[in-house]
Amino acid sequence: MTAEELIQSGMLEAHVMGQLAGEEARLVERMRLSDPGVRAELEAIEEALERQAMAGAVPPPAAIRTALMDRIKAEGRDHREVPVRSIEPRASVDARPWRWLAAAAMVALVVSAALNVMTFNELRSVRTELARLENDRSVLAEELQVHRASLERTQGMLAVMTDPRTDIVLLTGTDNAPDAKARVYWDRDRDQVFIDVLKLPEPPQGQQYQLWALVDGQPLDAGVFGMGDDAASLQAMKAVPGAQAFAVTLEREGGSPVPTLEAMVLIGQV
């Protein structure tokens with residue numbers, strides 16, 4: 001231990017007040033003899049304690065002072081030599097300076113705070129991961145629902161297409177749309193009608209394709225149908241009993257009560 005470390009440790013104050021023993025006391029005495037700085041610091045501490053003691057001293061009563069002086073004079077007349085006994089510094093039970101306790105408390109506080117921060121960060125990471133997993137689970141559930149709906153729709157389409165009771169009517173293009181094609185699936189027993197658009201141009205803005213069934217020589221509205229994504233799958237139309245033919249016309253959006261014959265784009269016989 002260097003002289004500076006010894007001065008900063010608080011051991012000099014404890015030594016002056018008789019609170020050091022053993023190796024610590026011997027260390028202070030060695031440093032007092034070998035280091036002028038330690039010696040000067042010890043003297044300064046002793047002087048400060050002495051000044052503090054004198055400042056708080058209370059003068060004894062005059063009677064006690066007189067009795068004490070008379071006793072000293074009487075003992076001086078009957079003077080006997082008394083062997084001098086060296087007094088060892090009074091030991092204390094591990095009386096360390098308060099600054100060591102404060103330092104230990106501060107270290108414990110810092111360690112506790114660090115552990116709290118680590119625990120909080122770990123908890124926040126776990127919560128973030130749980131939130132991410134929950135979000136992934138929700139996304140997967142939505143995707144599963146979409147795939148399930150698509151599977152059910154596909155199974156329904158296959159059931160319609162492969163049902164032996166279903167008549168398949170091929171609709172071909174007219175002069176208005178020579179390349180147009182579509183299929184009508186008609187279950188004559190249950191009057192169910194489905195249309196599968198194979199090829200049709202996109203209708204102009206404000207217009208929509210409408211399916212018609214020829215029943216007893218009269219056109220019967222079978223409903224309007226969509227294009228785009230819906231054109232890739234079967235679309236359920238209105239029920240039609242006893243149809244002899246099917247046709248598609250281009251009508252205003254929402255449909256028409258009667259077909260516009262000059263706007264017919266598809267036709268097919270049952």
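Residues numbered from 1 in each chain as written. Predicted model: local features only at pLDDT ≥ 70, side-chain atom pairs only at ≥ 80, totals over all residues. Heavy atoms only, no water.

Draft legend 1. Examining the overall build of the protein chain more closely. Along the protein chain, the regular secondary structure elements total six helices and eight strands. In the protein chain, the succession of α and β elements from N to C terminus is α-α-α-α-α-α-β-β-β-β-β-β-β-β. In the protein chain, which comprises 270 residues, the proportion classed as buried is 26%. Of the contacts made within the protein chain by residues no fewer than 6 positions apart, 59% connect residues no fewer than 24 positions apart. When the accessible surface of the protein chain is split by element, carbon and sulfur atoms take 58% of a total near 19,100 Å². (Helix = DSSP H or I, 4+ residues; strand = E, 2+ residues; numbered from the N terminus. Buried < 20%, exposed > 50% of the residue type's maximum accessible area, 1.4 Å probe, protein only. Contact = heavy atoms within 4.5 Å. Areas by Shrake-Rupley, 256 points an atom, 1.4 Å probe, with all protein chains shown as cover.)

Draft legend 2. Inspection of the environment of glutamine 218 at higher detail. Looking at the element boundaries, glutamine 218 is found in strand S5 (residues 218-225). Classification of glutamine 218 as exposed rests on a relative accessible area of 54%.

Draft legend 3. Focus on a nonpolar patch on the surface. Taken together, the side chains of Val107, Val111, Leu115 and Met118 make up a nonpolar region of the molecular surface, amounting to roughly 370 Å² of accessible area. By the element assignment, valine 111 lies in helix H6 (residues 98-162). Here valine 111 falls in the partly exposed class, since its relative accessible area comes to 44%. (Patch = residues over 30% accessible without salt bridge, like charges linked within 9 Å, V, L, I, M, F, W, Y side chains within 5 Å. Salt bridge = Lys/Arg side-chain N within 4 Å of Asp/Glu carboxyl O.)

Draft legend 4. Just unusual backbone geometry, in detail. If you check the backbone angles, aspartate 191 has positive phi at about 60° while not being a glycine. As for its placement among the helices and strands, aspartate 191 is situated in the loop between strand S2 (181-187) and strand S3 (192-199). Unlike most non-glycine residues, aspartate 216 shows phi in positive territory, near 55°. Structurally, aspartate 216 can be placed in the loop between strand S4 (207-215) and S5.

Draft legend 5. Molecular detail of the confidence of the model for the protein chain. When pLDDT is averaged along the protein chain, the result is 81, and 81% of the positions lie at 70 or above. With pLDDT under 50 throughout, residues 91-95 is counted as low confidence; its partners more than four residues away or in other chains account for three contacts. (pLDDT = per-residue confidence, 0-100.)

Draft legend 6. Region of interest: the pattern of salt bridges. In this structure the tally under the stated criterion is eleven salt bridges. Between arginine 30 and glutamate 23 there is a salt bridge, with the nearest N and O atoms lying 3.2 Å from each other. Residue glutamate 23 is classed as partly exposed on the basis of its relative accessible area of 45%. Residues glutamate 134 and arginine 137 are paired through a salt bridge, measuring 2.8 Å at the closest nitrogen-oxygen approach. One end of the pair, glutamate 134, and the other, arginine 137, are both in helix H6, three residues apart, so they sit about a helical turn from each other. Using a relative accessible area of 40% as the deciding quantity, one classes glutamate 134 as partly exposed. Salt bridges sharing common partners tie together Asp163, Arg165, Asp187 and Arg190.

Draft legend 7. Just the nonpolar core, in detail. With 27 residues, the main nonpolar core has Leu211, Phe225 and Phe246 as its most contacted residues. When contributions to this core are tallied by element, the ones reaching two or more residues are strand S1 (166-173), S2, S3, S4, S5, strand S7 (245-252) and strand S8 (264-269). Top element by residues in this core is S4. It accounts for four residues. Setting aside its immediate chain neighbours within four residues, phenylalanine 225 contacts Ile195, Val197, Leu200, Gln208, Tyr209, Gln210, Leu211, Gln235, Met237 and Val248. (Core = buried A, V, L, I, M, F, W, Y, C linked by side-chain atoms within 4.5 Å.)

Draft legend 8. Seen up close, the pairing of S7. S7 sits mainly inside the fold: seven of its eight residues count as buried. In this structure, S4 lies alongside S7, joined through eight bridges in antiparallel fashion. The partner of glutamine 207 across the bridge, within S7, is arginine 252. Pairing of S7 with S8 involves five bridges; the strand directions are antiparallel. Bridging from a neighbouring strand, alanine 247 pairs with isoleucine 267 of S8. (Pairing = 2+ DSSP bridges.)

Draft legend 9. Spatial organisation of the packing of aromatic side chains. Taken as a whole and assessed by the stated rule, the structure comprises two aromatic pairs. Measuring from ring centre to ring centre gives 6.1 Å for tryptophan 186 and phenylalanine 246, while their planes differ by 70°; the resulting arrangement is edge-to-face. Taken together, the residues span a long stretch of sequence, with tryptophan 186 in strand S2 and phenylalanine 246 in strand S7 at a distance of 60 residues. For the pair shown, tryptophan 186 and phenylalanine 246 are each scored as buried. For the pair tyrosine 209 and phenylalanine 225, a centre-to-centre distance of 6.1 Å together with 15° between the ring planes defines the contact as stacked. Note that tyrosine 209 is positioned in strand S4 and phenylalanine 225 in strand S5, a separation of 16 residues in sequence. (Phe/Tyr/Trp six-rings, centres within 6.5 Å; stacked < 30°, edge-to-face > 60°.)

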